[in-house]
Each structure stands twice: as C-alpha cells, then as structure tokens.
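Reading the structure
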Amino acid sequence: STGKSQLLQAAAAIAPRSTTTAGMGSTSAGLTAAAAKDGGEWVLEPGALVLSDGGACIIDELRTVNASDRTSLHEAMEQQTISVAKAGLVATLRT
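Here's what I pulled together on the structure shown here. (Residues numbered from 1 in each chain as written. Predicted model: local features only at pLDDT ≥ 70, side-chain atom pairs only at ≥ 80, totals over all residues. Heavy atoms only, no water.)

1. Overview of the pattern of salt bridges
In the structure shown here, the tally under the stated rule is two salt bridges. We note a salt bridge from Arg-63 to Glu-61, for which the minimum N-O separation is 3.1 Å. A relative accessible area of 30% places Glu-61 in the partly exposed class. (Salt bridge = Lys/Arg side-chain N within 4 Å of Asp/Glu carboxyl O. Buried < 20%, exposed > 50% of the residue type's maximum accessible area, 1.4 Å probe, protein only.)

Right, dumping it as structure tokens:
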C-alpha cells in the first residue's frame, strides 16, 4: 500500500459519510447509478458517488478508470448531481 492510498483510507475513516472504491474495474454505473429489475419493476441502484452524498467518495488509482467511464464523473464534480436516464427511469441524484 502506498502513502497516497493510506492517506485516502484515513480520509475515509474521518469523513462523516464516505465510500471507497478502486479505480481498476470501476464502471460508470458503479460510480453513478445502475438500473436493475426488482420484482419485474425497474429501479435505480445508487453507485459510490450517490452513496457518499454529503461525505467523501474516494477513488483510489483514478487514472486506471476507463476514460469513457471517467467522463461520468464530470457532472458530479462540477454540479454535485448525477443525471440518470436508464430503462425508462429519469432522475437527478445528488452527490
């Protein structure tokens, strides 16, 4: 574990509401929101950014996130929201 990773872990420990994820393998849906069927009905499942609303979303090794998935972070960082339009569901979620 590098010093940067340990610093991120310490920040997660003191943040009032935080999520931690590794860049490698993180997808746009995993960071923002995913549509899933629940009993035959589509629902939105929150991703790491939504789960950490009011706290810190810590993405270790951000450079390893696929470039197309990384673009999903722009709205969250600039406007503190995530716009979702999946499976007929349209929502704006706070981050």
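2. A short note on the nonpolar core
In this structure, Leu-31, Ala-33, Leu-49, Val-50, Ile-59, Val-65, Leu-73, Ala-76, Ile-82 and Val-84 together form the largest nonpolar core, which totals 10 residues. Counting residues per element, the ones that place at least two in this core are helix H3 (48-51), helix H5 (73-79) and strand S5 (81-86). What Leu-31 contacts, discounting residues up to four positions off in sequence, is Thr-21, Ser-26, Gly-47, Ala-48, Leu-49, Val-50, Ile-59, Leu-73 and Ile-82. (Core = buried A, V, L, I, M, F, W, Y, C linked by side-chain atoms within 4.5 Å. Helix = DSSP H or I, 4+ residues; strand = E, 2+ residues; numbered from the N terminus. Contact = heavy atoms within 4.5 Å.)

3. Brief notes about the side chain of Ser-26
By the secondary structure assignment, Ser-26 is in the loop between strand S1 (18-22) and helix H2 (28-31). Side chain to side chain, Ser-26 and Thr-21 meet in a polar contact 3.2 Å long. Ignoring sequence-local partners within four residues, the contact set of Ser-26 consists of Thr-21, Leu-31, Val-65 and Asp-69. (Polar contact = N/O pair within 3.5 Å; in protein donor to acceptor, adjacent residues only side chain to side chain.)

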